[in-house]
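Observations on the three-dimensional arrangement
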Amino acid sequence: MKNVLFCTAVFAVFFVHAQPSIDKKQIEEKVNELMQELTLEEKASLCSGRDDWSSQPIERLNIPYIWMSDGPHGLRRAPATNKSGYGDQLPATCFPTASALAATWNTDLIYKVGQALGEECQAQDVNVLLGPGVNIKRSVLGGRNFEFFSEDPILSGEIGAAFINGVQSQGVGTSLKHYVANNVETWRMYMNSDLDKRTLHEIYLRPFEIAVKKAQPWTAMACYNRVQGQYGTQNPYILTDVLKKDWGFEGIVISDWFAVVDRVEGIKSGMHIEMPGMGTHNDSLIVEAVKNGSLDEEVLDNVVKEILFVVLRAQALEKEGVELDSIKHHAFARKVMGEAITLLKNDNNLLPLSKDKYKKIAIIGEFAANPRYQGNGSSEVKPTMLDAAIDIIKAEYGNGVKITYAQGYKLSDDNDFTLIEEAKKLAAESDIALVFAGLPLHYESEGIDRTHINMPASHDKLIAEVAAVQKNTVAVLTNGSAVAMPWVNDVPAILETWLGGQAGAGGVADVLFGKVNPSGKLAETFPAKLEDTPSFLNFPGEQGEVLYGERIFVGYRYYDAKKIEPLFPFGHGLSYTNFEFTDIQVSDASITDKDELTVTVKVKNTGSIAGKEVVQLYVSDTECLLQRPKKELKEFAKVDLASGEEKEVTFKLNARDFSYYDGRRGMWIAESGDFTIAAGASSRDIKKTAKVNLTSTQKVPVVFDEYTFFTAYWAHPESRKFLIEMIPNYLRGWTAEGKSLEEAKVMGFFADHPIIKFPYITRGEMTHAQVKELVEKCKELTFTP
């Protein structure tokens, strides 16, 4: 019987319907009743938090508060809503951070992570988990990259949607953050993300759009930064026009903590709740604005109604008697880590470790005994327990093997090399050396950006010198984002283990010794050097401005366009088995933009052990009116295959998958032409391709104005008629004898002028009034791309 696996998009749609049901009509009726009872002052108060972590209750009307808690890879639940929760937070399971979760490329698994987090929220009386973060990893230097999924909008959005649906399946809300273009920590409270509309929609809004449409998070979190000159907490274009009107967002918007600048403008723009609660100052501004007429009370009422709906929904879905199963979740966190680990290099099949071959194993590096398992900042979780690699390896894989340990470096001093000689001696006396190295906690943090991508000098020197005396050296890396590897050619094996959470050490051990076959794939490009990165000249920005000069060419899109060879490409990740892509088929070689295209890809495990491969589906436009990337990820699916097994993966593509965003027209356009559908094991390892011709039926407005060139007016048959009526004498001068005016060939120099100049160019034959008339006549004109 043929095995068929459907793509991620299919089950993501299913999950959104798997969320617990509520009596929506009953809640809406209750909201309307409460609105009749609320005073103006009480309405305003509901638009602010009560304290650090809760919304404002109205006790006289039995309106409860909702408890919010930081995430996103575990709960940082404060002991009380008016406590900060830094250091005194309740213990919770610390799962791998977002960069690791994305490396799984497994939306089924991420859904289950969300479920576990939702269970823990219920156990700790949390109504809304503040995550996930789907911001794009624009630069490898982003200090908070460990908290975000990917450089690619599709992967970020799909992983984010699965996470949200998992959490919300437990009757707990999420907060999709940080909306939007929040890609730098430097000056984050003021920095303006200066990007064009096309880039905004294609890259930075896209993951939020996917998450909203496929998961409907209860809340979205407005960002600190400015976007196109306006603060994210008071930007009507992104909060109302895009989020609510275009995408149909049904939830509420809360501010990032202390992000609000102008509270009244925030209400007008669609920002519901200011966090945290800081007294009544901003509430009084709302009240005053209503009283003086600068804020329509109906606008405030709509905001309050939506707040009340979420509050009452949360109350209705609260569960009693839920207990945190810390042992079960710890074991699950280990499983997640095992699937996130990414095997970057494995020359001569050095891994997995064989006890028959390697009797003496040297474990080197302080990270093996003192693990770094999460990032720094508001997402810090107090783990219920914490594993160390040296302990797990000795306890579970140490029988019959001599395991020794050397510290190798000091996490307290990046430039202390005094421990390297001892490590070298131990490595030389062993059969294999496992060097645990990476980025210490202070290298990656909320609030600061990195200035380089180097590991500490002591870590790099340790790896290089151990490799010089031990040919069987494995670099086991701990980091939340890409790092430079000056020793990459000196070691035969490199294992990227990200920030693996409290059970990460067990996942690392399982992969090293072959209990788990690695299947992680890079969700971000690892550059050979910092200077190769897309935003190198425009990060972090200056004088409060961040120019997104690379535009849509983020991550692999840039490396492809510039033909730059990365250290390791987007989507890369090895396995202990081998896979073959045996076939690709499309349902039709010719389609229209109204058709759905079915793509099937066959993949086979040709190795001797079971494993998982990620089928990545990219689309390329061979010719376009606008500049486009060489290829763009559109779908992906993780396939579990026994040895010798073959499966067929089915993907569905629609017009959006072939479209670009036209910023001038404010719409997605699918142009007619040829497209290449490519299936690969990474962005640089394309296995199979198919061709498709698309015929567009779209009617796209021409968007002519007085600054549009004569060339464009002349190219459209309808506007050409208008010109012939208006400037026949001028056109006659450019018409060959015996030809009609429609065949006039105006010289390029004159044709490439805006039409507003033609009263001068035609020596007055066209008047300025006629220019306005021409623009008006062309407003209804369209073309088919």
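Residues numbered from 1 in each chain as written. Predicted model: local features only at pLDDT ≥ 70, side-chain atom pairs only at ≥ 80, totals over all residues. Heavy atoms only, no water.

1. Focus on the confidence of the model for the protein
In plain terms, the rule: Confidence scores labelled pLDDT are given residue by residue by the predictor and lie between 0 and 100. Any two residues whose heavy atoms approach within 4.5 Å at even a single point are treated as in contact.
In this model, the protein carries a mean pLDDT of 96, and residues with pLDDT of at least 70 account for 98%. Low pLDDT, under 50, characterises residues 1–17; the stretch is placed with 39 contacts to residues that sit more than four places away or in other chains.

2. Let's talk about the sheet that holds strand β20 (residues 611–621)
Stated precisely, the cut-off is as follows: Note on pairing: two strands pair once DSSP finds at least 2 bridges between them. Each helix corresponds to a stretch of at least 4 residues labelled H or I by DSSP, and each strand to a stretch of at least 2 residues labelled E; elements are numbered beginning at the N terminus. An axis is simply a line fitted to the C-alpha atoms; with a helix, the fit covers only the stretch in contact. Between two such axes, the angle follows the N-to-C directions and lies from 0 to 180 degrees.
Within the open sheet, the 5 strands sit side by side as β18-β26-β25-β20-β21. Their pairing is mixed. The sheet is open, and its two borders are formed by β18 (590–592) and β21 (632–641), each paired with just one other strand. Across this sheet, the average inter-strand angle for adjacent strands is 30 degrees, counted without regard to direction.

3. Overview of the pairing of strand β6 (residues 219–222)
Applied cut-off: Categorising residues by exposure relies on relative accessible area from a 1.4 Å probe, with only protein chains included: less than 20% of the type maximum marks a residue as buried, more than 50% marks it as exposed, and the intermediate range marks it as partly exposed.
Here β6 shows a buried face lined by Thr219 and Met221 and a second buried face lined by Ala220 and Ala222. Where strand β4 (residues 173–179) meets β6, 3 bridges bridge the pair, whose relative direction is parallel. Opposite Tyr179, over in β6, you have Ala222 as the bridge partner.

4. Topic: the pairing of strand β22 (residues 646–653)
It is a general feature of regular strands that their side chains alternate between the two faces of the sheet. Counting buried residues in β22 gives 6 out of 8 residues, a clear majority hidden from the surface. Of the pairings in the sheet, the one linking strand β19 (residues 597–605) to β22 comprises 8 bridges and is antiparallel in character. Residue pairing across strands places Thr598 opposite Lys652, the latter belonging to β22.

5. Let's talk about the nonpolar core
Looking at soluble globular proteins, one finds that nonpolar side chains tend to be buried together. Keep this limit in mind: Nonpolar cores are built from buried Ala, Val, Leu, Ile, Met, Phe, Trp, Tyr and Cys residues. Side-chain atoms within 4.5 Å join them into one set.
Of all hydrophobic cores here, the largest spans 202 residues; its most connected members are Tyr179, Ile364, Phe436, Met485, Ile494 and Leu512. With 10 residues, helix α12 (residues 297–316) is the largest single contributor of residues to this core. In this structure, Ile494 is in contact with Thr342, Leu343, Leu344, Lys345, Ala475, Leu477, Met485, Trp487, Val488 and Phe568, ignoring residues within four places of it in sequence. Membership of the second largest hydrophobic core comes to 26 residues, among which are Val603, Leu617, Leu641 and Phe675.

6. So, empty space enclosed by the protein
To keep it simple, the criterion reads: Cavity and pocket criteria rest on a 1 Å grid covering protein atoms alone: a 1.4 Å probe that fits but cannot get out defines a cavity, protein on both sides within 12 Å along at least 5 of 7 lines defines an open pocket, and an atom within 4 Å of a point defines a lining residue. Grid points are joined across faces, edges and corners, and a volume is the space filled by probe spheres set on the points. The nonpolar class holds Ala, Val, Leu, Ile, Met, Phe, Trp, Tyr, Cys and Pro. Asp, Glu, Lys and Arg form the charged class, and all remaining residues, Gly among them, are polar.
Evaluation of the coordinates by the stated rule reveals 6 cavities of 30 Å³ or more. Within this model, the largest cavity holds a volume of roughly 160 Å³. Lining the largest cavity are 18 residues; nearest its centre among them are Pro371, Arg372, Thr478, Gly504 and Ala505. Among the elements that line the lining of the largest cavity, the one with the most residues is helix α17 (residues 504–512), at 3 residues. Approximately 120 Å³ is the volume found for the second largest cavity. Residue lining of the second largest cavity: 13 residues in total, with Ile154, Glu202, Arg206, Lys634 and Trp668 positioned closest to the centre. Secondary-structure elements contributing two or more residues to the lining of the second largest cavity are α6 (153–168), α7 (197–204) and β21. The dominant element in the lining of the second largest cavity, judged by the number of residues it contributes, is β21, at 3 residues. Class assignment for the residues of the lining of the second largest cavity results in 5 nonpolar, 1 polar and 7 charged.

7. With respect to the sheet that holds strand β13 (residues 432–438)
Reading across from one edge, β10-β15-β14-β13-β11-β12 is the order of the 6 strands in this open sheet, with mixed pairing throughout. At either end of the open sheet lies a strand with only one pairing partner, and these are β10 (342–346) and β12 (402–406). Taken pair by pair, the neighbouring strands of this sheet meet at an average axis angle of 15 degrees, ignoring direction. Sheet analysis places β10 next to strand β15 (residues 493–496), joined by 4 bridges and oriented antiparallel. What sits directly across from Thr342, in β15, is Glu496. Here helix α15 (residues 420–428) sits on the sheet and contacts β11 (360–364), β12 and β13; the angle it forms with β12, its principal contact strand, is near 165 degrees.

8. Details of the pattern of salt bridges
Quick reminder of the rule: Salt bridges are defined by distance alone: a side-chain nitrogen of Lys or Arg within 4 Å of a carboxyl oxygen of Asp or Glu.
A complete count under the given rule lists 51 salt bridges for this structure. One salt bridge in this structure joins Arg144 and Glu446, with 3.4 Å as the shortest N-O distance. Of this pair, Arg144 sits in the loop between β3 (128–130) and α6 while Glu446 is found in the loop between β13 and α16 (457–469), placing the two residues 302 residues apart along the sequence. In this structure Glu446 comes out as buried when scored by relative accessible area, which is 16%. With a shortest N-O distance of 3.3 Å, Lys777 and Glu773 are connected by a salt bridge. Here the residue Lys777 and the residue Glu773 both occupy positions in helix α24 (residues 768–777), the gap between them amounting to 4 residues, near one helical turn.

9. A look at the packing of helix α5 (residues 107–123) against helix α13 (residues 326–340)
When two helices pack together, their arrangement is given by the angle between the helix axes and the distance between those axes. Inclusion rule: Geometric relationships in this document are graded by angle, where less than 35 degrees denotes roughly parallel, more than 145 denotes roughly antiparallel, 65 to 115 denotes roughly perpendicular, and other angles denote oblique. When the near helix sits turned anticlockwise from the far one by under a right angle, the crossing is termed left-handed; a clockwise turn instead gives a right-handed crossing.
Between α5 and α13, the shortest axis-to-axis distance is 11 Å and the interhelical angle comes to 155 degrees. Put simply, α5 runs roughly antiparallel to α13. Where α5 crosses over α13, the two elements pack in a sense that is left-handed. Contacts between α5 and α13 involve Leu109, Lys112, Val113, Ala116, Glu119 and Glu120 on the former and, on the latter, His329, Phe332, Val336 and Glu339. Within the contact of α5 with α13, the residues separate by chemical class into 5 nonpolar, 1 polar and 4 charged.

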